[in-house]
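What the coordinates show
One letter stands for each residue in the lines below.
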Amino acid sequence: MKIDGTIANNLKLAIASAQRLRGHPVYPDTIAFWRELLHEGRRARGNAAGVELAELNALIESLEHELAERPAPKA
């Protein structure tokens, strides 16, 4: 997965998009991208500490919450 910018910034953008699109249809590719971004965020936690780790944890939890309310993409 290629990500421009930091994981934290990408998570923030994904959360904002998910909140803005709540209740509206979202392309399966977008949901898949958000799920891949979560995976990358979880991997990044292994190298994070202190404030950065706390921020990543909060952002991951927030995006997980947004995705929990959406169906998984169809194959």
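See the structure printed just above.
Treat the numbers as computed from the prediction; the structure is a model and nothing was measured.

**A look at the pattern of salt bridges**
Applying the stated criterion to the full structure yields five salt bridges. Residue E55 is joined to K12 by a salt bridge in which the shortest nitrogen-to-oxygen separation is 3.0 Å. Taken together, the residues E55 in helix 3 (residues 50-68) and K12 in helix 1 (residues 7-20) connect sequence positions 43 residues apart. One salt bridge in this structure joins R22 and E66, with 2.3 Å as the shortest N-O distance. Of this pair, R22 sits in the loop between helix 1 and helix 2 (28-44) while E66 is found in helix 3, placing the two residues 44 residues apart along the sequence.

**Some words on helix 1**
Under the 1.5 Å per step criterion, the end-to-end length of helix 1 is 20 Å for 14 residues, consistent within 8% with the ideal 20 Å. Inspection of helix 1 places I7, A8, N10, L11, A14, I15, S17 and A18 among the buried residues, and these make up the whole buried set. On its buried side, helix 1 packs onto helix 2 and helix 3.

**Quick notes on the packing of helix 1 against helix 3**
Angle between the axes and distance between the axes: these two values describe a pair of packed helices. Between helix 1 and helix 3, whose axes approach to 9 Å, the crossing angle comes to 25°. Here helix 3 runs roughly parallel to helix 1, going by the angle between their axes. Taken as a pair, helix 1 and helix 3 cross one another with a handedness that is left-handed. Every residue of helix 3 that contacts helix 1 at I7, A8, L11, K12, A14, I15, A18 and Q19 is listed here: E55, L56, L59, I60, S62, L63 and E66.

Parameters and conventions
- Residues numbered from 1 in each chain as written.
- Predicted model: local features only at pLDDT ≥ 70, side-chain atom pairs only at ≥ 80, totals over all residues.
- Heavy atoms only, no water.
- Salt bridge = Lys/Arg side-chain N within 4 Å of Asp/Glu carboxyl O.
- Helix = DSSP H or I, 4+ residues; strand = E, 2+ residues; numbered from the N terminus.
- Expected span 1.5 Å × (residues − 1).
- Buried < 20%, exposed > 50% of the residue type's maximum accessible area, 1.4 Å probe, protein only.
- Contact = heavy atoms within 4.5 Å.
- Axes fitted to C-alpha atoms, helices over the stretch in contact; angles between N-to-C directions.
- Parallel < 35°, antiparallel > 145°, perpendicular 65-115°, else oblique.
- Left-handed = near helix turned anticlockwise from the far one by under 90°.

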